[in-house]
2 protein chains.
Amino acid sequence: MKYVYAFHEGGKDQKYLLGGKGANLAEMTKLGLPVPPGFTISTDACKAYMNAADTLPDGLMEEVADALVTLEENMGKRLGDDADPLLVSVRSGAPFSMPGMMDTVLNLGLNDASVKGLAKLTDNERFAYDSYRRFVQMFGKIVLDVPGDLFEDALQDLMEDRDVALDTALSAEDLHGLVGTFKAIVAREAGVSFPDDPREQLRYAIEAVFKSWNGDRAKVYRKMEKIPDDLGTAVNVQTMVFGNKGDDSGTGVAFTRNPSTGENAPYGDFLANAQGEDVVAGIRITEPLGAMGNHFPECHTQLLDVMGLLERHYRDMCDIEFTIEQGRLFILQTRVGKRTAAAALRMAVEMEQEDLIDQREAVLRVQPEQLDQLLHPQFDSDASYDVLAKGLNASPGAAVGQVYFTADDAEAAAARGERVILVRPETSPEDLHGMIAAEGILTSRGGLVSHAAVVARGMGTPAICGADALRIDLAKKEFTVDREQIVCGVASIVTTTVGEGAVISINGSTGEVVVGEVPVVTPEPTGPFGIVLGWADGFRTLKVRTNADLPHDAQKAREFGAEGIGLCRTEHMFLGDRLPIVQAMILAETDAAEDRALAALLEVQRSDFVGILEAMDGLPVTVRLLDPPLHEFLPRHDEVLGRRVNAFIQGVGDPEADELMQALKRWEEANPMLGTRGCRLGILKPGLYKMQVRALIEAAVIRKRAGGDPQVEIMIPLTVIDTEMELLEGWVRDEAAKVFEDQGTEVDYLVGTMVETPRAAIVADEIARTAEFFSFGTNDLTQMTFGFSRDDVEGRMMPEYLERGLLKVSPFEQLDRGGVGQLVEWAKERGRSVRPDLKLGICGEHGGDPASVHFCHEVGLDYVSCSPYRVPLARLAAAHAALEATGPGTTA
Amino acid sequence: MKYVYAFHEGGKDQKYLLGGKGANLAEMTKLGLPVPPGFTISTDACKAYMNAADTLPDGLMEEVADALVTLEENMGKRLGDDADPLLVSVRSGAPFSMPGMMDTVLNLGLNDASVKGLAKLTDNERFAYDSYRRFVQMFGKIVLDVPGDLFEDALQDLMEDRDVALDTALSAEDLHGLVGTFKAIVAREAGVSFPDDPREQLRYAIEAVFKSWNGDRAKVYRKMEKIPDDLGTAVNVQTMVFGNKGDDSGTGVAFTRNPSTGENAPYGDFLANAQGEDVVAGIRITEPLGAMGNHFPECHTQLLDVMGLLERHYRDMCDIEFTIEQGRLFILQTRVGKRTAAAALRMAVEMEQEDLIDQREAVLRVQPEQLDQLLHPQFDSDASYDVLAKGLNASPGAAVGQVYFTADDAEAAAARGERVILVRPETSPEDLHGMIAAEGILTSRGGLVSHAAVVARGMGTPAICGADALRIDLAKKEFTVDREQIVCGVASIVTTTVGEGAVISINGSTGEVVVGEVPVVTPEPTGPFGIVLGWADGFRTLKVRTNADLPHDAQKAREFGAEGIGLCRTEHMFLGDRLPIVQAMILAETDAAEDRALAALLEVQRSDFVGILEAMDGLPVTVRLLDPPLHEFLPRHDEVLGRRVNAFIQGVGDPEADELMQALKRWEEANPMLGTRGCRLGILKPGLYKMQVRALIEAAVIRKRAGGDPQVEIMIPLTVIDTEMELLEGWVRDEAAKVFEDQGTEVDYLVGTMVETPRAAIVADEIARTAEFFSFGTNDLTQMTFGFSRDDVEGRMMPEYLERGLLKVSPFEQLDRGGVGQLVEWAKERGRSVRPDLKLGICGEHGGDPASVHFCHEVGLDYVSCSPYRVPLARLAAAHAALEATGPGTTA
């Protein structure tokens, strides 16, 4: 078996044999690019090593020795040579990019003898010894597992001793001494003396790469990513080149197109007499790529040729690392480059026009997640700022404004023309007017489905929730944040106080809170945005609807391409100035009082429905009958208690508070998520659903008379048992029939249910006998399938779970295929077994998550529904899913 | 097709054709018993009627006419005859007993002419007209759907007019007039004049029976019971006989053995010159069956012969209704008779000894549910009492005692030698000492899994929970109950106040609260109890374990036959005098403080475990690591708030209350059921589980050294993801290994998990890679599968759901096969697919429910686990399941 392959022997399709990095280096070599020569030890060698209980396979080191001889001959240098030593880098390279594996050892081949050759050759003793001490440090830490702090501490001690602040101020002599110190650390900690023989160094490094394949982090990562344990890793051994050998050397990074704007023009940074890390570190000021032509005209021309060749070869914008060593250009690495959303769209459209790629590929080139950048204001990427606190990224986009602590104050300030950030411990329906007035919302409590988060996303207002470092004092109208700062090794607590009217900036996409104004850019979706989404619509089969409760949200979503409403939550229609009527209904002690309140609600609900059906005319509108428990429409327990305590202290009565407290106690629940909500409430308060059905059907009749095309789907929430569905479907049909009789006009409508409990999914066949459609409420389904209440686990448990790798991603962000997805699939199969044309959709938060949209496509749902600002993303994700399912397309 | 069968043409195996009642009447006729003759219209006729859109099939009425002629010839009387009319009853009779169907029409055949013949024949005009008016009333109401109130009102009016209090005081003339009034009501309400032609009466009645098959209640019932809609019902037409034709007539009910004690001797009641309903109504004082020999020696002898014959024929105790008409005995009905638990056991054992049945059948003759009667004190069945209020039957058995309102008062009173009933709004861990001291527990709030209910069941103490009519005033130490009383048609509210020290009686089996002392009988399980359970053990394959947290509960359960502990909840070990240590752990601000608290807990937990392992020596003991959320170990929010308000009012501070409030807020959850509990808590507080594992393994080592045989199974609660299980299993094994090293001794143990979330069931194959056993926590599994929090739905929603027939039985009482059962089955299949010897059990409340035990047997679990007092029941239910699965046995 052959274990070692020179770069020219491989190609980009051999990543299972050579690893991703090795295959790529081979590809460039094959293209004739000036890649520093080297060889790759295959994954077969790693597998043999593992199978032999961590013993290098017979013949491997002989093959390595042969490859090394060839390399030495090729380069005209010898590893460990006293005069002109060959130095190499050793890198791991698995078939899939994998954190937790051995990274890189540079400058391998240095020892006490060859370092002198390097010093002489470069005429730079300091450079040579600095390279040497870095090699010993890197090798000790990465290959021999010596704690890295020990080296850092020794360096620190030396700097203190020499009274210098930067290590660049240390002399060649100092660094020479440091090599000795480092070697002593290695001998003490690793129990072996530092290997001076470069071939022995190489053997150590190869074994270290193989061992790292079975390191704890690598294993956890493979488990999460479902990468087989027996793939093994390759090892790349490559000649070192140096861009810091003088003014005839340099290094840089180049992009074949502008990664920020997408413009079709070379782009990049360049530094003369420097190493790669200097460009990245940003210590020295780089020059633009064009300026390179002044210093190195030939290399510049050669680089532009390479760039053109690579872009045509990869049919995509490439990101290239290069080094010029004494006037000679080397290409160290290339890969498809990262880009902004705007650039991705522009490149996709232009490359399609250039016949570099076809429409299918153009659509696949834009990542759905990126589109958010184009739909919400963002902090200017050039701005620098100091983050005061971090919370949950509850609603994307950036906002700047003055802080106000009550909804009333926020509304008043906005009326004065101020930009407002509403800051609250958490929000409730009573804060709605302040939330509407605000540019951004910041809360110190609550998770990604807290009231603040859900409402903000629906309105497209940036929001951060659960920023628990904020101590909000509502009485003083200020919040404070304590931060630990370490200055000169001394920790201290810095307390920042932000009072009413102070300006802050929040980034709802990242959860960052900043004091003062951060420049914000508001992107405008441009031509390519519409073109790519148009192409996407041609490929996808999954429909995209929106979750919208109000006419203007519906209108906005329709502009974004929504093909109907998948979830119209009627509870939002119970808020604001209707709240007193709703409370009257809850507090009603007689049927007559309850009927009066319901009649008042009928009026306002009907007009809401008319507006929504008008905005979505000709498209389906799924209206969910009231879902939340009634106590959500009452003031908070603490607040009412506070009123009663006050009344008690003042020796007066507060009968209204007493009544509210009675109602709160009556409707109080230990676990409201699993309590009297959804259709359970509908069954306990039959008048409520009848009123809602009447309002909706009357609205549809009004729209039809006005020449519209209302497409009504009535959704029963939280069904668990087929009998519930039968009972309520009967009520709906009875009430609709009465409206038709009263009005003398009929409209078509469907009656279906929200599948949001595990049981509903399991007995879907029984429920589908009555239900004409299912909409999967995957938020609740996830909560019940996992037994995770979002309110409770998101802040406390989830970070720990993600940190420990118990979960790869929160199941509330990405639909859990193993559990929740399985239920969705069963429900689909069982439901369609009795009703083949059962309409199926998803209306949880997952409707706006690309991976979840993929799942919905794969499992065969009819549509996903998401908040208005996620509609473009879902359209693109649905196209990706369809394209990936049918395999790669033909390319031009 | 033949539609009509004379009684002598059928037999007991033809219930699908003739219905249950018809098959039984045919069987008795075939046995030669003196059954009043008649015929049965088959279910085929009903099916034909339904298929022909509610039209009687061709030829049916001709066949009926022929059968009638035969009957008339047989009886020597004619239907509608003016002189000697034949009267018949018409009854429905479906293959399965079914409420909601047409019941019975008696005396069919009476009209204005034949009533005179009846009067003359019986020489009793009043009897004849009373029979006639009853017939018109019954026919009007049942056959013609006239509201029954109208007849009752008319009767009432007449009685007022005649100024009599009882209808027996009305004269023949009055009754004659009433017939006219009733007929007028029928004509007005039903729109048809009352049919005078008896054959027309019969046709109406037959159609009414057929129609009632598709009545709403009957349909709902069939749906719930999964009885096919197309079975149809039969109609029985039978000659009337009268026990009230004079002193040579009579009627009675007889049992072949004593249904109360099981004694093998005839038993029954008898009334001369009376109708069947007079015996049942209890207006006249009946004579014992033996006394019948004095009046009717021949009939008595004949009856005893019939009883012997029926018991041998049915091989069971029979319940017989008979009538003597003018010296002639008729058997009207027989069925296998109901009996008490004690009687069932005695009959089963004695019939086996008499070779009437075999052991299999003997075991099947005792219903598991009945055993509860024998394990707990009961109200004396002869006692009469007035029920003050009803609550949930939280823990079975009856108790009498003096009321105390705090745990301390209860404990003090018990120490003085008083019998105590502890009355609390609800209980918490802090009330435990009072609960232990009490004979019975009564709460006004909380459901069947509230703290009070769970603890009481575990201790075998009678308890009623959620008796929400009780308004408890803890300050005044009294409770009041308002009841509406209607006296002479006037409603008034009667308020009963029960103060400290007053005597009340509670029946935890029925939920009844009674003021004063109700005589209580304490049954003693006798010989037959042990014999039948012993036989049961021989048949069952399902093991029965117990849920026990304390050594003496384990001991008790072992006496009841438990074969191990399926669930030892360690949280109960955190209560009582350990609570301060637990609170110290929760409040700990430093690791050192937390470690100190954990060390203290280690000591007490270890000694608990030693006791439990000793009590269950040689049998498996499954110990669940701590499951509930931490806030359950803190005082209630209201209480701490109260302390702080008090401190505020008095202008002083209460730092402890402040600290507790902080902790409460830290651990407060919106939905604790779906929050940080189970292994989530274990992962967040690693020291806790390590302490518990150490305590348990050290206890096992101690037991092993003492010569015991500890069989430890460590259970991780609330697993959702395989990675959780892997992480925690690792911790358990690491800690156990440390103990083994410290102690120099090893013990075997298993590590498994509680499957109590839908996801754990779905991904059971992934979890079973690490878990060595699954215990299904079906309480939580039901809560999450349905999305029903017991605390919230049991009192409010469930009664409505049961009432409306949306659910047949609460899924918390009987395992829901369609949803939860499906998950259990999937988990079994998937789990065993990767670990064929995966041990499977159930440890929710369902482990003590017979139907659920059946399910566990069918699905192939290894064991069920239930509270100690349910163990005998589960043993018997498991035997029933095994016997029913293998089909009927041979009988002697």
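Just so it is clear, the structure is predicted and the values come from calculations on it, not from any experiment.

Q: Looking at this model, I keep getting lost on the overall build of chain A. Mind explaining?
A: On a plain count of helices and strands, chain A comes out with 34 helices and 33 strands. With the principal axes as the frame, chain A shows a C-alpha extent of 105 × 65 × 55 Å. Residues classed as buried in chain A amount to 57% of the 892 residues present. Sequence-distant contacts in chain A: of pairs separated by 6 or more residues, those separated by 24 or more amount to 68%. Per element, the accessible surface of chain A, about 35,400 Å² overall, is 48% carbon and sulfur. In chain A, the 87 positive side-chain charges and the 139 negative ones have mean positions that sit 3 Å from each other.

Q: For this particular structure, what's the right way to read the sheet that holds strand E14 (residues 387–390) of chain A?
A: Whether parallel or antiparallel, the strands of a sheet pair through hydrogen bonds between backbone atoms. Residues and elements named next belong to chain A. Reading across the sheet, the eight strands line up as E14-E24-E23-E16-E17-E18-E19-E15 and stay open at both edges, with mixed pairing between neighbours. The sheet terminates laterally at E14 and strand E15 (392–395), the two strands that pair on one side only. With strand direction ignored, the average angle separating the axes of adjacent strands in the sheet is 30°. Pairing of strand E23 (residues 503–507) with strand E24 (residues 512–515) involves four bridges; the strand directions are antiparallel. Its bridge partner lying in E24, Ser505 is registered against Val514. Each of strand E16 (398–404) and strand E17 (420–424) is contacted by helix H16 (residues 407–415), which is oriented at about 175° to E17, the strand it contacts most. Across the face of the sheet, helix H18 (residues 451–459) comes into contact with E15, strand E18 (440–443) and strand E19 (463–465) while running at roughly 45° to E15.

Q: Sorry if this is basic, but what is going on with the interface of chain A and chain B here?
A: How big an interface is tends to be expressed through the accessible area that disappears when the partners come together. Across the contact, 61 residues belong to chain A and 61 residues belong to chain B. Both sides of the chain A and chain B interface together cover about 4,900 Å² of buried area, and 61% of this is carbon and sulfur. On inspection of chain A and its partner chain B, the count reaches two salt bridges. Taken together, chain A and chain B are joined by 24 residue pairs in polar contact (both at pLDDT 80 or more). Those elements that place two or more of their residues in the side of chain A that touches chain B are helix H23 (637–649), helix H24 (655–667), helix H25 (678–684), helix H27 (722–743), helix H28 (758–762), helix H30 (778–786), helix H31 (790–803) and helix H32 (817–834) of chain A. Among the elements that line the side of chain A that touches chain B, the one with the most residues is H31(A), at seven residues. Tallied by class, the residues present in the side of chain A that touches chain B amount to 30 nonpolar, 14 polar and 17 charged.

Q: Sorry if this is basic, but what is going on with unusual backbone geometry here?
A: For residues that are not glycine, phi is negative in most cases, and the peptide bond is trans in most cases. Residue and element names in this part refer to chain B. With a phi angle near 50°, Asn273 is a residue other than glycine that sits in the positive phi range. Overall, the relative accessible area of 28% leaves Asn273 in the partly exposed class. The backbone of Asp355 sits at a positive phi, close to 60°, despite the residue not being glycine. Within the secondary structure, Asp355 sits in the loop between helix H13 (341–353) and helix H14 (359–365). For Asp355, a relative accessible area of 52% translates into the label exposed.

Q: Before we go on, may I ask you to explain the sheet that holds strand E10 (residues 287–288) of chain A in this structure?
A: Residue and element names in this part refer to chain A. Read from one edge of the open sheet, five strands run E10-E9-E8-E11-E12, paired in antiparallel fashion. Whereas interior strands pair on both sides, the edge strands pair on one side only; in this sheet they are E10 and strand E12 (328–336). Pairing between strand E11 (residues 318–325) and E12: eight bridges, direction antiparallel. Directly across from Phe322, in E12, lies its bridge partner Ile331.

Q: Looking at this structure, how should I read the pattern of salt bridges?
A: A side chain of one charge can pair with a side chain of the opposite charge if their charged atoms are brought near each other. Residues and elements named next belong to chain A. Within this structure, the stated rule accounts for 128 salt bridges over all chains. Taking the shortest distance from any N to any O, the salt bridge between Arg222 and Asp229 comes out at 2.8 Å. A residue is classified by how much of its surface remains accessible, and Arg222, at 0% relative accessible area, is buried. The exposure class assigned to Asp229 is partly exposed, which follows from its relative accessible area of 47%.

Q: What is the right way to read the confidence of the model for chain A from this model?
A: Do not read the predicted coordinates in detail wherever pLDDT is low. Residues with a pLDDT of 70 or more make up 98% of chain A, whose mean pLDDT is 90. The complex model carries a pTM of 0.82, and its ipTM stands at 0.81.

Q: Explanation requested: the relation of the copies chain A and chain B in the structure shown.
A: Between the two copies of the chain lies a relationship made up of a rotation around an axis and a movement along it. With an RMSD of 0.3 Å, the operation that places chain A on chain B is a rotation of 180° combined with a shift of 0.0 Å along the axis. When the rotation and shift are considered jointly, the pair of chain copies conforms to a two-fold rotation axis. A share of 100% of the interface residues of chain A reappears at the interface of chain B, consistent with the copies meeting face to face through the same patch.

Q: Can you walk me through the nonpolar core in this structure?
A: Within soluble globular proteins, side chains that are nonpolar generally end up buried alongside one another. Ranked by size, the top nonpolar core spans 314 residues in total, and within it Phe774(A) and Phe774(B) carry the most contacts. Those residues in contact with Phe774(A) that lie beyond four places of it in its chain are Thr753(A), Val755(A), Ala764(A), Ile767(A), Ala768(A), Ala827(A), Gly831(A), Leu838(A), Lys839(A), Leu840(A) and Gly841(A).

Q: What is the right way to look at the side chain of Thr753(B) in this model?
A: Residues and elements named next belong to chain B. Note that Thr753 resides in strand E30 (residues 749–755). Judged by relative accessible area, which is 0%, Thr753 ranks as buried. If near-sequence neighbours (up to four positions away) are discounted, Thr753 is found in contact with Met715, Ile716, Thr719, Met725, Ile767, Ala771, Phe773, Phe774 and Ser775.

Cut-off values and rules
- Here, residues in each chain are numbered from 1, in the same order as that chain's written sequence.
- In the order they appear in the text, chains get letters beginning with A and ligands get numbers beginning with 1.
- Local features are withheld for residues below a pLDDT of 70 in this predicted model, meaning they are given only at 70 or higher, and side-chain atom pairs are given and counted only at 80 or more; totals for whole chains, interfaces and linings count all residues.
- Only heavy atoms go into the side-chain values, all of them from the structure, while hydrogens and water stay out.
- Here a helix means four or more residues in a row that DSSP labels H or I, a strand means two or more in a row labelled E, and each is numbered from the N terminus.
- Throughout this description, buried means an accessible area under 20% of the type-specific maximum (1.4 Å probe, protein chains only), exposed means over 50%, and partly exposed covers the range between.
- Any two residues having at least one pair of non-hydrogen atoms within 4.5 Å are treated as being in contact.
- Accessible surface area values rest on a Shrake-Rupley calculation with a 1.4 Å probe, where residue burial reflects the displayed protein chains alone.
- His is not counted, nor are the chain ends, whereas Lys and Arg count as positive and Asp and Glu as negative.
- A charged residue contributes its charge at one atom only: NZ of Lys, CZ of Arg, CG of Asp or CD of Glu.
- By the convention used here, strands pair only if DSSP detects at least 2 bridges between them.
- To obtain an axis, a line is fitted to C-alpha atoms, over the contacting stretch when the element is a helix, and the angle between two such axes runs from 0 to 180 degrees between their N-to-C directions.
- The quantity reported as buried area is the accessible area (1.4 Å probe) lost by two parts once they are put together, taken as the sum for both.
- Salt bridge criterion: a side-chain nitrogen from Lys or Arg within 4 Å of a carboxyl oxygen from Asp or Glu.
- A 3.5 Å cut-off defines polar contacts: any pair of N or O atoms within that distance qualifies, except that in protein one atom must be a possible hydrogen donor and the other a possible acceptor, and neighbouring residues in sequence count only when both atoms are side-chain atoms.
- For this classification, Asp, Glu, Lys and Arg are treated as charged, while Ala, Val, Leu, Ile, Met, Phe, Trp, Tyr, Cys and Pro are nonpolar and the rest, including Gly, are polar.
- Predictor confidence is given residue by residue as pLDDT, running from a minimum of 0 to a maximum of 100.
- Least squares is the method used to superpose the copies, on C-alpha atoms of residues holding a pLDDT of at least 70 in both.
- To form a nonpolar core, buried Ala, Val, Leu, Ile, Met, Phe, Trp, Tyr and Cys residues must be joined to one another through side-chain atoms within 4.5 Å.

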